[in-house]
Amino acid sequence: MPKQMHLNSFVNALPYDNGSRLLFTSHITHRDINVRDEDVHRMKALDPKKSWQLFLKTINHGNKLAGKHKFPMKLEHMGKQMLRKCDGLPLAIKEVGRQLAEKKVSGGSEWEQLLESVDFGSTLKLLEPFYHKLDPMLESCFLCMAFFKKNTTLRAEKLSQIWIAGGVVDSEDDCKPYLDGLINESVIDVKDKSTNYEMNAMLHMLSIQKAEEKLSFEILRNNGNNRPSESPRHHRVIICSRDKFNYSTDQDKHLVSLFFHGGGYFDTSPSYWKSFEQRLRILDLEDFGLKFLPETIGTLMELRYLGLRNNFIRVLPISLGCLKKLEVLDIAQDFMVEVPDIIWEMHRLRHLYLSDVIFQKPLKVDALWNLETLTYVSVDNWTYELSSLKKLTLLKKLGIEELDGNSDVSKLFPSLVVLEGLKHLILRGYRFRSMPCLDELSILHRLETLKLDGILARLPTSFPPKIKSLTLVNSCLDEDPMPLLGKLPKLKYLKLRNAYTGQQMVILHSSFQWLQVLCIEELCNLRNIQVEKSAMGLLWFTKLEIHDCPNLDALPEEIVSKFSFTELKMVTTKSIATKMRNSDLISKIKVVNINP
């Protein structure tokens, strides 16, 4: 019998009572073992405080150090700056401490010089066992992390789309296990509601090193120290910040993916894009500051992913309509970009990201029958022809913007009802105008995720019954929203950002029975959260996030005392942060992150 089956049988046979306990540690995730999630502790990267404590323990007490070799506290700031490169990885922190300790014992230089001489290359070698234990599919996903910028925030949907466009993963349904795998291995950490991730810096460096060895990958910089490899490369990152970046394009014809990082000064002639011939599948220029996209971009006939988010492009070229195999087009945050009448020609588009665009003609949404994501389209460009909208059977996520008091929601919501696959809806107001009355939202019975971004005179009288996730942004409500929101029967995630102007919130008896995460941000007047008895599900509520609520200086004891409440994240003033850290209440919480 395989060892895995022995382990599974043994663990599943253990009774859950008040008797003996078993602590089982493993460096891999045993997905087949039937263990309750609350009994699993997943290791995360250490915070700066714990990183420093581990460093001192290693360097002051390891390697038979005498007292005269102890690390001097006057260099604490310099040491912490050096330690940031380890990004909380215990293995890396201990290796750095070991290096410094050995050098000092063997008669090394002063501590200042030793700190500057730390060899992080040897620390990467120490992480080799981590890399070799990855299964083949997770290894491929890990290598793709080399494409992204250091310290960047990654969107889960973008990461999945890059994997699919590059042929690493077949479908979006296959992506979640590998996203979970990277989280379990501390390669990425959840930043916001499982939709945004942060990369571990040390493991990001390892992914670059391994991608250069295994993936036919290279990074080119405009500092003159890099030149394209003589052997063909399939993946390239270009980092440039000056107006001229000269290098040969002889090897471009082999590229499958190309990522640009830097300041947007990459000077390309129209003929440059022709050098890629017919192999390039991924082109990402997000955050690059690009001002112009030439017509020759239309020659990239094999392109699947085109990322143009957050640039300065004013007009999209007409030739973009020639990209018949394009599946992802991201031109969000390109303020007031003019879009010719070409989008409807891209029949294979699955994800279309827009915002504040100017269409030469109204968008023919019904021609995009493969569309799964559309954000954001102006309410004035959204068609109300129900027969046409019924063709969008795959549309799961929709964002509609520029809603104000004059918007005809009596036609809008019935048009959304016919979208049988629609699960996620975002409604965004028009600048500083109030959004219209949203009482008809309740007819969207299939909706599970809802985000309302804009001023609301009041909340809708009722919400779609299956809502699991609700986000209110810039609502500026005068009336406490919690009594109404607490009645939502399936709500698990609630985020309020600049959503309420009052001083007190009241969570009523028997409300929020399934809530798991509560996040409140920028509620500048909030002073008190009152929680009545039996409010909030005792077994489910696990995470509370509070950001920029400068007058909220105490947590409700009713929430903190619940045994399932495991994580608190708080960003507040320095005085409140100090008060909260010294509170007896937070000693009951497993994970506490309070920062001024």
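Predicted model only: the values in this text are computed from it and were never measured. (Residues numbered from 1 in each chain as written. Predicted model: local features only at pLDDT ≥ 70, side-chain atom pairs only at ≥ 80, totals over all residues. Heavy atoms only, no water.)

*Asks:* Tell me what's going on with the overall build of the chain, and back it up with residues and numbers.
*Replies:* Check the secondary structure of the chain and you find 16 helices and 24 strands. Put simply, 50% of the contacts in the chain that link residues at least 6 apart link residues at least 24 apart. Surface summary for the chain: the accessible area is close to 29,300 Å², and the carbon and sulfur share equals 51%. (Helix = DSSP H or I, 4+ residues; strand = E, 2+ residues; numbered from the N terminus. Contact = heavy atoms within 4.5 Å. Areas by Shrake-Rupley, 256 points an atom, 1.4 Å probe, with all protein chains shown as cover.)

*Asks:* Lay out unusual backbone geometry with the relevant residues and their values.
*Replies:* Residues Thr 375 and Tyr 376 are joined by a peptide bond in cis, for which omega reads -15 degrees. A positive phi angle, close to 55 degrees, is found at Ser 216, a residue other than glycine. Relative to the assigned elements, Ser 216 resides in the loop between α11 (201–214) and β4 (217–221). At Gln 333, a residue that is not glycine, the phi angle is positive and equals roughly 65 degrees.

*Asks:* Talk me through the environment of Ile 343; I want residue IDs and the actual numbers.
*Replies:* With respect to the helices, strands and loops of the structure, Ile 343 is situated in the loop between β10 (338–339) and β11 (351–353). For Ile 343, a relative accessible area of 2% corresponds to the buried category. Taking the C-alpha atoms as reference points, Ile 343 and Val 365, 22 residues apart in sequence, are found 8.8 Å from one another. The contact partners of Ile 343, leaving out residues within four places of it in the chain, are Leu 329, Leu 349, Leu 352, Leu 363 and Leu 368. (Buried < 20%, exposed > 50% of the residue type's maximum accessible area, 1.4 Å probe, protein only.)

*Asks:* Any details on helix α13 (residues 409–417)? Residues and values, ideally.
*Replies:* The set of residues buried in α13 consists of Val 409, Leu 412, Phe 413, Ser 415 and Leu 416. Down the axis of α13, the sector holding all buried residues measures 160 degrees, keeping them to one side. Buried residues belonging to α13 abut α12 (386–389), β14 (397–403) and β15 (424–429). (Arc of directions from axis to C-beta.)

*Asks:* Outline a nonpolar patch on the surface, supporting the account with residue identities and numerical values.
*Replies:* Together, Phe 335, Met 336 and Ile 358 make up an exposed nonpolar region whose accessible area comes to about 270 Å². Judged by relative accessible area, which is 48%, Phe 335 ranks as partly exposed. (Patch = residues over 30% accessible without salt bridge, like charges linked within 9 Å, V, L, I, M, F, W, Y side chains within 5 Å. Salt bridge = Lys/Arg side-chain N within 4 Å of Asp/Glu carboxyl O.)

*Asks:* Tell me about a positive patch on the surface, residues and numbers included.
*Replies:* On the surface, a cluster of positive charge is contributed by Lys 423, Arg 446, Lys 466, Lys 468, Lys 490 and Lys 492. Position of Lys 490 among the secondary structure elements: in the loop between α14 (482–485) and β18 (493–497). (Lys, Arg positive; Asp, Glu negative; His and termini not counted. Charge placed at Lys NZ, Arg CZ, Asp CG, Glu CD.)

*Asks:* How would you sum up the nonpolar core? Please name residues and give values.
*Replies:* One finds Leu 283, Leu 374, Trp 382, Leu 398 and Leu 416 to be the most contacted residues of the largest nonpolar core, which totals 109 residues. Of all the elements, α13 adds the most residues to this core, at four residues. With residues near it in sequence (within four places) discarded, Trp 382 still touches Val 365, Leu 374, Val 377, Leu 389, Leu 395, Leu 398, Ile 400, Leu 412, Ser 415, Leu 416 and Leu 419. (Core = buried A, V, L, I, M, F, W, Y, C linked by side-chain atoms within 4.5 Å.)

*Asks:* Please provide a residue-by-residue account of the packing of helix α9 (residues 156–165) against helix α10 (residues 175–184), values included.
*Replies:* Where α9 meets α10, the closest approach of the two axes is 11 Å, and the angle between their N-to-C directions is 115 degrees. Every pair of crossing elements has a handedness; the one defined by α9 and α10 is right-handed. Contacts between α9 and α10 involve Ala 156, Leu 159, Ser 160, Trp 163 and Ile 164 from the former and Cys 175, Tyr 178, Leu 179 and Leu 182 from the latter. Class assignment for the residues of the contact of α9 with α10 results in eight nonpolar, one polar and no charged. (Axes fitted to C-alpha atoms, helices over the stretch in contact; angles between N-to-C directions. Left-handed = near helix turned anticlockwise from the far one by under 90°. Nonpolar A, V, L, I, M, F, W, Y, C, P; charged D, E, K, R; others polar.)

*Asks:* Residue-level account of the packing of aromatic side chains, with values.
*Replies:* According to the stated counting rule, one finds seven aromatic pairs in the structure shown. Geometrically, the ring pair formed by Phe 147 and Phe 259 is stacked, given 4.9 Å between the ring centres and 25 degrees between the ring planes. Note that Phe 147 is positioned in the loop between α8 (136–143) and β1 (153–155) and Phe 259 in strand β6 (residues 257–262), a separation of 112 residues in sequence. Residue Phe 147 shares its accessibility class with Phe 259, and that shared class is buried. Pairwise contacts between aromatic rings join Phe 147, Phe 148, Phe 217 and Phe 259 into one cluster. Seen from the ring of Trp 344, Lys 364 lies directly overhead, with NZ or CZ sitting 4.5 Å from the centre. (Phe/Tyr/Trp six-rings, centres within 6.5 Å; stacked < 30°, edge-to-face > 60°. Lys NZ or Arg CZ within 6 Å of the ring centre and 35° of its normal.)

*Asks:* Pulling in residues and values, what's your account of the pairing of strand β24 (residues 591–595)?
*Replies:* Sheet topology note: the strand β23 (residues 567–571)/β24 ladder contains five bridges and is parallel. Bridge pairing in β24 places Val 571 opposite Asn 595. Assessed by its sense of winding, the connection that carries the chain from β23 through helix α16 (residues 574–581) to β24 is right-handed. (Pairing = 2+ DSSP bridges. Right-handed = clockwise from strand over helix to strand, strands pointing away.)

*Asks:* An account of the side chain of Lys 543 is requested, with residue identities and associated values reported.
*Replies:* By secondary structure assignment, the location of Lys 543 is in strand β22 (residues 543–547). A polar side-chain atom of Lys 543 sits 3.1 Å from a polar atom in the side chain of Glu 545. (Polar contact = N/O pair within 3.5 Å; in protein donor to acceptor, adjacent residues only side chain to side chain.)

*Asks:* Any details on the pattern of salt bridges? Residues and values, ideally.
*Replies:* The full count for this structure, using the stated rule, is 27 salt bridges. Residues Arg 155 and Glu 286 are paired through a salt bridge, measuring 2.8 Å at the closest nitrogen-oxygen approach. Here Arg 155 is found in strand β1, whereas its partner Glu 286 is found in the loop between β7 (282–284) and β8 (305–307), with 131 residues between them in sequence. Each of the two residues, Arg 155 as well as Glu 286, counts as buried. A network of salt bridges, in which partner residues are shared, links Arg 155, Lys 158, Asp 284, Glu 286, Arg 309 and Asp 330.

*Asks:* Could you give me a rundown of the state of the cysteines, with the residues and numbers involved?
*Replies:* Under the criterion given, the structure shown has zero disulfides. No disulfide involves Cys 141; its nearest neighbouring cysteine sulfur is the one of Cys 144, lying 6.4 Å away. Residue classification places Cys 141 among the buried positions, given a relative accessible area of 0%. Here Cys 524 is not cross-linked by a disulfide; its sulfur's nearest cysteine counterpart is in Cys 549, at 7.4 Å. (Disulfide = S-S within 2.5 Å.)

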